[in-house]
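Read off the chains here:
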Amino acid sequence: MTSGTIFVLIGSCALIHAALLESLTHSGHPELRKDKNSADGFVFTIDDQAKFSFTQGVKTWLQSAPAFLYTEGKRFSAEDGSLKLDHKATESGADKMGTWTSQCFVYMAGSRSWKLCAKSWSSPAWPLVVFQQHFINGTALSAHDTDSVISGFPSFQIPPEDIGLGYLSFQGGMFGGTRFVTGRWTKGGGILSGGTEGGPVAVFDQNGGVCIMAPFSEFMSASREMDEKWRVNWGVMGGVVSVPTGFTQQTVVYCGNTGINQVFSDWGKFMRTYYNKEDIYRKTDLTVNYLGYYTDNGAYYYDLTEPNKTYEQTILDLKEYTDSIQVPFRYIQYDAWFYYRGQLGGTVLWKARPDIAPHGLQYIFNQTQWPVAAHNMYWSAKTPYAKENGGKYNFIVESEKAIPQDLTFWVDLFKQARLWGLVMYEQDYMDWEFSMMNATQSTVDVAKTWLMQMGQAARATGLTIQYCMSNPRHAMQSLEIPAVTQARVSGDYHPGNDQWQIGEASIFADAMGIAPWKDNFWTVTDQPGNRYHQSEPYPELEAAVSTLSSGPVGPSNMLVHTNVSLLMQCCRADGLILKPSKPATAVDRQFWQAVWNNSVGPSGQVWTTYSRVGHDLYFGIILAADISADFKLTPSDAGFQFFNPKTVITRSAQGVKDTQLSDFGDNTPIQLTTACTRQDFCMYYTSPVFTVGSGKTKIIIYGEEHKFVPMSRGRVSNIDITDNDVTVTLQGTSGENIIFTYFYDGQMIRRPCTFDHTGIAKLRLGYYHSSNDRV
Ligand SMILES: *[C@@H]1O[C@H](CO)[C@@H](O)[C@H](O)[C@H]1NC(C)=O
Ligand SMILES: *[C@@H]1O[C@H](CO)[C@@H](O)[C@H](O)[C@H]1NC(C)=O
Ligand SMILES: *[C@@H]1O[C@H](CO)[C@@H](O)[C@H](O)[C@H]1NC(C)=O
Ligand SMILES: *[C@@H]1O[C@H](CO)[C@@H](O)[C@H](O)[C@H]1NC(C)=O
Ligand SMILES: *[C@@H]1O[C@H](CO)[C@@H](O)[C@H](O)[C@H]1NC(C)=O
Ligand SMILES: *[C@@H]1O[C@H](CO)[C@@H](O)[C@H](O)[C@H]1NC(C)=O
């Protein structure tokens, strides 16, 4: 613990205190690891008037603007002196993250006391500062404008000149993916959405420097605004009428020098540790780990059955058919078509209508044995569950919509649904439920209570939750809700739309510990009689992206129109998805290119991920699609510097044709070209080079060529390396046939392998004449 990262400097003109911060960040390793210099050079300075900045060398990255607060119908600001500094205090203590120190400033807004603090940890020295607003006397008559904030601290002044910094902002629906933007961090460099849509913002340069700004607590009532003075203000959302006494709002600034992907990953790890967000629910969620069949918007059977059949009959047919073609769907998703909705949309009764399932959903479950993922939307004001409408449960009912405020309601609802097979509850329209009600936006706690109770009930009844149409606020609230395992990160799939571009939003999802969900897709271009009158031109890309997401894989084809060989590139014969170890995410240089358009990065989609197999062996994966200009990609551009691959295997979209083995290094980059399209996207795989036989023989492992992730922990449970050989331990299902491929001194060897009843196979990777069957 000796390396310096963020220095905290406190003082007016003279610096009166300097604390050395160290970082527990790492460069690309999935577990937290101390690494030198990861945030080196970032300095946080705060003076005795609470003016502060984040600098690196001579460059000011973030410059404060004055704090302000709305209460008693007035705006109190440090700028015009109406917010009066009463006194200053230094506080210190220890919490689960270590020992911390806060520089606090107690202001008076009229007769109300408002304490602002900048908190940093010194041991260990995390590369971050948490800004706190303590509402010692609460507020009254604060509501201002829903798209703004009622309090600002920290506030940052966007610089008038272009100082070479770019920004990215997660904002809008679908985990901040639908209105994600990048631009230059300067006046006129673009507009950040405020109010209900805003989320984390990161500023970055072209050297790997990054500072992330984001809410740190009370996620449902935290907002940001960009005001007419080009300031970004963080605080309590603008609609809140009164902040309760004792309420605290916090915002974090987290800086690092290891690039956008890595700093987001480190920040996320800090947040998940702080909030005890365990990954056990995600790791054991059937719907995240196994292939499922989807009927949501974009699906063939979205609000559509087979001709003259009920949904019940259609689902039974699907089960029979998919069994006959041996596609291992392990669950089914029911969308909004199954329950009772009101005139303005909105759920009235969340149970199956008799026209959908004449014998009930339990009958379908008994027949198919398919566990169920089921959709729900916002609640109608007419819902009979609410006491207002004669029901048993506490809801807040407004003119159109209602929102539950009752743990028992959720427990009862979920217990009932367990009887018809529910394993995953999909909460859709989260943004509408929030932004189209008054109670959610005018209080600090109604929306939080809604989500916390839903999550608590899910946990109690053994369900997991998928968020859909979530804003960044819902996304971040999931840090406190262990049962939320997955979330949609892009708009609804419709055949042929470019909704597959999830490489950016997946960075935020992964930071929050959430498996990104691409949405359903078709594996066959033409689906006769489909309600969209569209076709899917890129089924391979859809299948590849779904698999690389590390989230659910959920095709949605018409009966008899599934491309089995394509689909099964995702999975084992038992439906276990062969995933990488983390979601594939867009490389840093893709963001740099988006901001500066100076050929510093690829134009198009370049995403990377890896599988970590056995004892710390890394197998890198690169996807390039829709490339509009040639670009040379090095291992460090791919985020692979920490495992330093030396070789790369190139495959074409069609799988096994044209497989090539090449060197991969700073001087031997991958040449991405405009030949990497959506139709013929490019995929590259890296392997360690194993040397055996006294260094005479080089073995390079490809794995299963017929899978999008040829080396996955779901298949390869161990790799044993001795002086003489390399042995892989494989897992599969009884009777499953696979071909395992490797290079033995440059020669490609394809070894067939069949699993017996144990489901385990060991392969020694040697030279085999007989089975060297070149395809
Ligand atoms: C504000 O809170 C402090 C501390 O609890 C209390 O002593 C003071 O009376 C309160 N002031 C008002 C105006 O409520
Ligand atoms: C469905 O029912 C209608 C009316 O009974 C009938 O005209 C039609 O031929 C049926 N379609 C199919 C595909 O069976
Ligand atoms: C489903 O199976 C369970 C357990 O065998 C049984 O108790 C229940 O009655 C069945 N329900 C229907 C609708 O068939
Ligand atoms: C919105 O809710 C706040 C308190 O939560 C209340 O004071 C206000 O009257 C409500 N506004 C409307 C239009 O219902
Ligand atoms: C199924 O997918 C494979 C691999 O992508 C492709 O070669 C084949 O043409 C597809 N078949 C159909 C019927 O779409
Ligand atoms: C990016 O730069 C190229 C070449 O200088 C130019 O043709 C293109 O219009 C630019 N694109 C954007 C989005 O600025």
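Residues numbered from 1 in each chain as written. Chains lettered and ligands numbered in written order. Predicted model: local features only at pLDDT ≥ 70, side-chain atom pairs only at ≥ 80, totals over all residues. Heavy atoms only, no water.

### Looking at the environment of Thr634
Formally: Numbering goes from the N terminus for both helices and strands, where a helix is a DSSP run of H or I of at least four residues and a strand is a run of E of at least two. Contacts are assigned to residue pairs that have any heavy atoms within 4.5 Å of one another.
For Thr634, the position within the fold is in the loop between strand 36 (631–633) and strand 37 (647–652). Sequence separation between Thr634 and Gln671 is 37 residues, and the spatial gap between their C-alpha atoms is 9.1 Å. Beyond its immediate sequence surroundings of up to four residues, Thr634 is in contact with Phe664, Gly665, Asp666 and Pro669.

### Digging into the pairing of strand 6 (residues 68–71)
Put simply, the rule is: Relative accessible area decides the class of each residue, using a 1.4 Å probe on protein chains only: under 20% of the type maximum gives buried, over 50% gives exposed, and in between gives partly exposed. Only when DSSP finds a minimum of two bridges between them are two strands counted as paired.
Burial along strand 6 is two-sided: Phe68 and Tyr70 and Leu69 and Thr71, pointing in opposite directions, are all buried. Examined bridge by bridge, strand 6 and strand 7 (residues 74–77) share four bridges and lie antiparallel to one another. When the bridges of strand 7 are listed, Thr71 appears paired with Lys74. Taken together, strand 6 and the strand that follows it, strand 7, pair antiparallel across an intervening segment of two residues, in which Glu72 is found at a positive phi of about 55°. Where strand 6 meets strand 12 (residues 151–152), two bridges bridge the pair, whose relative direction is antiparallel. Across the sheet, the residue bridging to Phe68 is Gly152, located in strand 12.

### With respect to the environment of Val327
Assignment of secondary structure puts Val327 in the loop between helix 5 (311–324) and strand 22 (331–334). A relative accessible area of 3% places Val327 in the buried class. For Val327, the residues in contact, after removing those within four places along its chain, are Leu291, Thr322, Val564 and Leu567.

### What to know about the confidence of the model for the protein
Selection criterion: For every residue, the predictor reports its confidence as pLDDT, a number between 0 and 100.
Per-residue pLDDT for the protein has a mean of 93; in total, 93% of the residues score no lower than 70. Across residues 11–38, confidence stays below pLDDT 50; counting only partners more than four residues off in sequence or on other chains, it has 92 contacts.

### Considerations on the site of ligand 1
Basically, it comes down to this: By convention in this text, a residue qualifies as near a molecule or strand provided that one of its non-hydrogen atoms is within 4 Å of it. Using a 1.4 Å probe, the Shrake-Rupley method yields the accessible areas, and only the shown protein chains count as cover for residues.
Around ligand 1, a shell composed of Ser111, Ile136 and Asn137 is seen. A total of 360 Å² of accessible area belongs to ligand 1 in isolation, and the protein chains cover 31% of it.

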